[in-house]
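Commentary on secondary and tertiary structure
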Amino acid sequence: MTFRPARRDSVVALAGVLAGAAVATAIAVAAWPAAADACSAETAQGSSKTASATGPTLAPDPVNETLRPKEVVLPSEGPYTSGKIVLVPLRLTCGMSTIIGTHGEEQANGQYCMIRVALTDDDTFTHTFDVRKTALTTTAGASIPVSYQAQEVERQPLQLPEVGRSDRYEFDIYYDVPRDATVNGFTFNDGEGGATARAPLPVRSWPFS
């Protein structure tokens with residue numbers, strides 16, 4: 001014999017299921033605004049943490065390194081071009097009496113000034129960049145050449161033999177500047193007949209140490 005539940009039992013069971021579903025839906029609807037608010041708050045908090053952790057991007061310096069003693073960020077007025085070489089001055093330091101590298105120490109005759117630059121080859125061919133063809137200018141009209149000894153101590157290049165297409169290099173250039181001189185510009189050329197480019201630098205007093 002097959003047992004068949006009465007129609008009334010089926011109706012009661014179905015009503016119970018529907019009532020339970022309605023209660024669950026009501027609970028979910030009531031909880032939804034709070035959950036949404038909590039989610040929004042968490043997202044906003046996460047965005048705030050990300051923004052504060054990374055800080056503002058200082059173009060055109062993507063590295064965003066911690067500044068070294070006395071180092072200042074230069075205003076983004078570039079880039080400057082000579083031939084196919086595109087260069088942007090990034091940071092500047094003056095007033096250094098001594099530099100210490102991994103294998104030596106060097107005393108300045110006057111004061112060491114260091115400028116950090118970013119260099120790019122804006123061509124489909126490779127180019128050579130001679131760091132020795134750069135200089136710092138002073139408010140008195142002098143042109144200060146690169147300090148070979150300082151470049152060696154700090155293991156910075158005197159020449160980039162092959163700057164490839166769209167390659168980007170960041171490096172420091174050191175100069176031994178008279179103590180009483182004030183720098184006001186940076187000059188360079190591509191060494192291949194391009195005109196000499198001059199980037200103005202902020203005139204300021206540097207404490208000597």
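A brief report on the enclosed structure follows. Given the structure is predicted, the values throughout are model-derived calculations rather than measurements. (Residues numbered from 1 in each chain as written. Predicted model: local features only at pLDDT ≥ 70, side-chain atom pairs only at ≥ 80, totals over all residues. Heavy atoms only, no water.)

1. Let's talk about the overall build of the protein
When its secondary structure is counted, the protein shows two helices and 11 strands. Ordered by position from the N terminus, the helices and strands of the protein form the series α-β-β-β-β-β-β-β-α-β-β-β-β. In the protein, buried positions account for 34% of the 209 residues. Considering only intrachain contacts with a sequence separation of at least 6, the fraction spanning at least 24 residues in the protein is 69%. As displayed, the protein offers around 12600 Å² of accessible surface, 57% of which is attributable to carbon and sulfur atoms. (Helix = DSSP H or I, 4+ residues; strand = E, 2+ residues; numbered from the N terminus. Buried < 20%, exposed > 50% of the residue type's maximum accessible area, 1.4 Å probe, protein only. Contact = heavy atoms within 4.5 Å. Areas by Shrake-Rupley, 256 points an atom, 1.4 Å probe, with all protein chains shown as cover.)

2. So, the sheet that holds strand 6 (residues 135–138)
Overall, antiparallel pairing links the four strands, which are arranged 7-6-10-11 in an open sheet. One side of each edge strand has no neighbouring strand; the edge strands of this open sheet are strand 7 (143–144) and strand 11 (197–200). Relative to strand 10 (residues 183–188), strand 6 is paired through four bridges, and the arrangement is antiparallel. Opposite Thr-137, over in strand 10, you have Gly-185 as the bridge partner. (Pairing = 2+ DSSP bridges.)

3. Observations concerning the nonpolar core
Residues Ile-115, Phe-129, Leu-136, Ile-173, Tyr-175 and Phe-186 are the most contacted members of the largest nonpolar core, which totals 30 residues. Every element with two or more residues in this core is listed here: strand 3 (85–100), strand 4 (105–121), strand 8 (159–163), strand 9 (168–177), strand 10 and strand 11. In contact with Phe-129, other than residues within four places in its own chain, are Ile-85, Leu-87, Leu-119, Thr-134, Gln-159, Leu-160, Val-163, Phe-171, Phe-188 and Asn-189. Core analysis: the next-biggest nonpolar cluster, separate from the first, contains eight residues, Tyr-112, Met-114, Ala-150 and Val-153 among them. (Core = buried A, V, L, I, M, F, W, Y, C linked by side-chain atoms within 4.5 Å.)

4. A closer look at the environment of Val-203
With respect to the helices and strands, Val-203 occurs in the segment after strand 11. Judged by relative accessible area, Val-203 falls into the exposed class, the value being 55%. Once residues lying within four places of it in the same chain are set aside, the contact partners of Val-203 are Thr-139, Thr-182, Val-183 and Asn-184.

5. Concerning the packing of aromatic side chains
Enumeration according to the criterion identifies two aromatic pairs in this entry. An aromatic cluster of three or more residues is present, and its members are Phe-129, Phe-186 and Phe-188. Here Arg-179 stacks its cationic end above the ring of Phe-208, 3.5 Å away from the centre of that ring. (Phe/Tyr/Trp six-rings, centres within 6.5 Å; stacked < 30°, edge-to-face > 60°. Lys NZ or Arg CZ within 6 Å of the ring centre and 35° of its normal.)

From the geometry alone we can't say anything about function, so treat these as descriptive.
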